[in-house]
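What the coordinates show
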Amino acid sequence: MTNEEIKHFYEVLRATDLKKIETLVKAYIEKKVPPIIILNEGLIGGMGIIGQEFKASKIWVPEVLLAARNMHRGIEILKPELLKEKVPSKGRFVIGTVKGDIHDIGKNLVTMMMTGAGYHVIDLGIDVPKERFLETIGKERPDIVGLSALLTTTMLEMKEVVRIIRETFSEPPKIIVGGAPVTQKFSEEIEADGYGEDAVRAVELADQLLMSKGRI
Amino acid sequence: MIMKPNFERLKKAFSHEEPDRLPLAEALVAYEIQSQFLGKTVTDSDVKSQVEFWGQAGYDFIPITVGMMSPGEITKESSIFGVVQKVLKKDKDTEEVVPWDIEEKGVISNPEEYERFPWDEAARLNFNKFYEVQPFLPKGMKIIACSGKIFTLAWMLMGFQNFCLSLYLQEELIASVFQKVGEIQIQGAQQLLKIPNIGGLWVVDDLSYGSGPMVDPKFLRKYVFPWYEELASICNQRGLIFLLHSDGNIWPMMDDFISIGFDAIHPIDPTCMDINEVKEKVGKKLGILGNIHTDLLATGTPEEVCELTKKRIREIGPGGGYALGSGNSVPNWAQFENYQAMRETVLKYGSYPIKV
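Residue positions are given per chain, counting from 1 as you read along its sequence in written order. Each chain takes a letter, starting from A, and each ligand takes a number, starting from 1, following the order in which they are written. This being a predicted model, a pLDDT of at least 70 is required before a residue's local features are given, and a value of 80 or more before pairs of side-chain atoms are given or counted; all residues contribute to the totals for chains, interfaces and linings.

Let's talk about the domain arrangement of chain A
All names here are of chain A. To keep it simple, the criterion reads: Where each domain starts and ends follows an automatic or database-derived domain assignment. Placing a C-beta atom from the backbone of each residue, one calls two residues in contact when those atoms lie within 7 Å. Note on conventions: DSSP H or I runs of at least 4 residues are helices, E runs of at least 2 residues are strands, and numbering of each starts at the N terminus. Residue classes follow a fixed rule: Ala, Val, Leu, Ile, Met, Phe, Trp, Tyr, Cys and Pro count as nonpolar, while Asp, Glu, Lys and Arg count as charged, and any other residue, Gly among them, counts as polar.
The domains assigned to chain A are domain 1 (3-84) and domain 2 (92-212). Placing a centre on the C-alpha atoms of domain 1 and another on those of domain 2 gives a separation of 25 Å. At the interface, 13 residues of domain 1 touch eight residues of domain 2. Those elements that provide at least two residues to the side of domain 1 that touches domain 2 are helix 3 (35-55) and helix 4 (61-84). The greatest single-element share of the side of domain 1 that touches domain 2, amounting to eight residues, is contributed by helix 3. Considering only residue class, the side of domain 1 that touches domain 2 consists of nine nonpolar, three polar and one charged.

Regarding the environment of A:Ile165
Its location among the elements puts A:Ile165 in helix 7 (residues 152-168). Put simply, A:Ile165 and A:Glu131 are 34 residues apart on the chain and 9.6 Å apart in space, counted from C-alpha to C-alpha.

Considerations on the interface of chain A and chain B
On the chain B side, the residues contacting the 17 residues of chain A number 18 residues. Elements that contribute at least two residues to the side of chain A that touches chain B include exactly helix 4, helix 5 (105-116) and helix 7 of chain A. Considering each element in turn, the side of chain A that touches chain B owes the most residues, five residues, to helix 4 of chain A.

Considerations on the sheet that holds strand 7 (residues 264-266) of chain B
Residues and elements named next belong to chain B. Here is the rule: Pairing between strands is defined by DSSP: at least two bridges between the two strands are required. Interaxial angle, 0 to 180 degrees, is taken between N-to-C directions of lines fitted to C-alpha atoms, where a helix line uses only the stretch in contact.
If you walk across this open sheet you meet the seven strands as 1-2-3-6-7-8-9, and the pairing is parallel. Both outer strands of the open sheet, strand 1 (61-66) and strand 9 (322-326), are each paired with one neighbouring strand and no more. Direction aside, the axes of adjacent strands within the sheet are offset by 25° on average. Bridge analysis of strand 3 (residues 198-204) against strand 6 (residues 241-245) gives five bridges, and the strand direction is parallel. Directly across from Trp-202, in strand 6, lies its bridge partner Leu-243.

Things to note about unusual backbone geometry
This is how it is decided: As a rule, residues whose C-beta atom has 12 or fewer other C-beta atoms within 10 Å are exposed, those with 20 or more are buried, and those in between are partly exposed; C-beta atoms are placed from the backbone.
Of the consecutive residues B:His266 and B:Pro267, the connecting peptide bond is found in the cis state with omega at 0°. In this structure, B:Pro267 sits in the loop between strand 7 and helix 14 (275-282). Along the chain, B:Tyr352 connects to B:Pro353 via a cis peptide bond; the corresponding omega equals 0°. Position of B:Pro353 among the secondary structure elements: in the segment after helix 17 (336-349). Positive phi values are uncommon outside glycine, yet A:Arg141 reaches one of about 50°. Tracing the backbone shows A:Arg141 in the loop between helix 6 (130-140) and strand 3 (144-148). Taking the number of C-beta atoms within 10 Å as the measure of exposure, A:Arg141 has 12 and is therefore exposed. The backbone phi angle of B:Asn291 is positive, close to 90°, even though this residue is not glycine. Tracing the sequence through the fold places B:Asn291 in strand 8 (residues 287-292).

Looking at the packing of helix 8 (residues 151-158) of chain B against helix 9 (residues 160-169) of chain B
Each pair of packed helices can be described by the angle between their axes along with the distance between the axes. Residue and element names in this part refer to chain B. Put simply, the rule reads: Working rule for angles: under 35 degrees goes down as roughly parallel, over 145 as roughly antiparallel, 65 to 115 as roughly perpendicular, anything else as oblique.
Contact geometry for helix 8 and helix 9: axes closest at 6 Å, N-to-C directions at 105°. In terms of axis orientation, helix 8 runs roughly perpendicular to helix 9. Contacts between helix 8 and helix 9 involve Ala-154, Trp-155 and Met-158 from the former and Phe-160, Asn-162, Phe-163 and Ser-166 from the latter. By residue class, the composition of the contact of helix 8 with helix 9 is five nonpolar, two polar and no charged.

Some points on helix 1 (residues 3-13) of chain A
All names here are of chain A. The cut-off we apply is this: Each direction from the helix axis to a C-beta atom contributes to the arc, which is the arc of those directions.
The set of residues buried in helix 1 consists of Phe-9, Val-12 and Leu-13. Taken end-on, helix 1 shows its buried residues confined to a sector of 105°, consistent with a single buried face. Opposite its buried face, helix 1 presents the exposed residues Asn-3 and Glu-4, each directed more than 90 degrees away. Elements in contact with the buried residues of helix 1: helix 2 (18-30), helix 3 and helix 4.

Some words on the sheet that holds strand 4 (residues 174-178) of chain A
Backbone-to-backbone hydrogen bonds join strands into a sheet, with any given pair of strands oriented parallel or antiparallel. Residues and elements named next belong to chain A. If you trace the five strands from one edge of the open sheet to the other, you get 2-1-3-4-5, paired in parallel fashion. Two strands lie at the open edges of the sheet, namely strand 2 (120-123) and strand 5 (194-195), each paired on one side alone. Across five bridges, strand 3 lies against strand 4 in parallel orientation. Note on strand 4: the bridge partner recorded for Ile-144 is Lys-174. Contacts between helix 6 and the sheet are confined to strand 1 (92-97), strand 2 and strand 3, with strand 1 contributing the most and set at about 170° to the helix. Running over the sheet, helix 9 (residues 199-212) touches strand 1, strand 3, strand 4 and strand 5 and is turned about 165° from strand 4.

Focus: the confidence of the model for chain B
Short version of the rule: Every residue is assigned a pLDDT by the predictor, reflecting its confidence on a scale from 0 to 100.
Confidence in the prediction of chain B, expressed as mean pLDDT, is 92, and 96% of residues score 70 or more. In the predicted complex, the global pTM is 0.85; the interface-specific ipTM is 0.87.

Written out as structure tokens, the structure reads:
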């Protein structure tokens, strides 16, 4: 896709009218553009510009949520075409808010952005005990696990979850952490693989970690 | 040491003069901490013990909430909690607390739910505590009324995700919710003009994340700040000091806070704001409260707390304009020894002129 086309996707992702993204994606399907191109260059490319604007504080959470809503609709339209071509997801990502914590707005934003970025996301929800993380990792074999916490007290649970994942699996998934009280320093202390300051950086981090695994 | 509250200390500090010592300030100290300080159990209904705590601990005021919601998490003590439970339980036969989905849809997700919401009941605010406290107030101590939240309550009623999308997809609903919430909170503040011993109004309303404002500041300027201006006007009528609490990075709105007329801002979130930079850039126009990291109060040592407190006294104290306290609140998971270290360091080293 040309830069102008990607910019057009970006503008439509920023729109309030859902019909615009529906019309745009359908138009590209009718033009026989490969669905993987529509996804990676159009939708993800457009979301990428939005992510950079969010990082630069040119837009805020509501604008990102609006775009994520449009992105979700775009992917819904595209999904049958992706399934026909058996387009694989970029990676598998399990996410949950650690036990004792019910805050999940940050987690929901990461879930939306990771889905938008092409990951298959398994969202375990809130107040997730470590046993459930272990069970899901065993069953789903994700590439990356994301842990979220909003309270200083539940950061300690995060440490425990990281420890037990590493202890249980000989080839554990990459583990990234995030949430308001979490810091880079804390993530290093608990030996997580990375710290996502916000949803946009979480996606960038996930891509970097998969790249280091030679997966993308 | 016998403490003598003196609210003039705080007023002088926020007039950018040096009082006798650096004031202490908090919007919220958990009852568990208050209980440990006094050596007896302090509860929400025990107003006498609460006054005893705030006075003996070295504060010049007692914070009391006016409005629909107390600072901190949603609690059963907040008047809005009961109203929301009635809405959530409407078609349910249960005594159990029904979870309030503040993250996604809230209780007002569309115009119909807005119309059905019992606003009249939500507007019935309780001022009992302001009157109950009067006989116990020692000479020199005032009440600072913590104003119920406006921005926060609007998005909590609507659910944050729904609120965010509604800014673009249902802006009329946004306007209506803010109008109702703002009116109720203003009504609460106006009642204060009739109550003796009110020294200030503290708007407690988180506007930002660590990365910056939760929403485009243009929406705050349209829907929130006009209410703050009205509160500022109420404060001016009575000569009350006017304070703002917001977590997060609030730099993009700093000029707004100055023109609205806040006397001081709290807590200068230590996770994302540099208090020295704030002092340097706006310290002559805006006072500062707070900044000792709550995380340090929870996980640090008394020595670490003491050192940081001394640093703040030394670097931010001179010239007035500063009242020291936590970087958010003193929760029940703070270590009591650390809270004491912060408080006692101020009392020991905070006399003017600062020499630490």
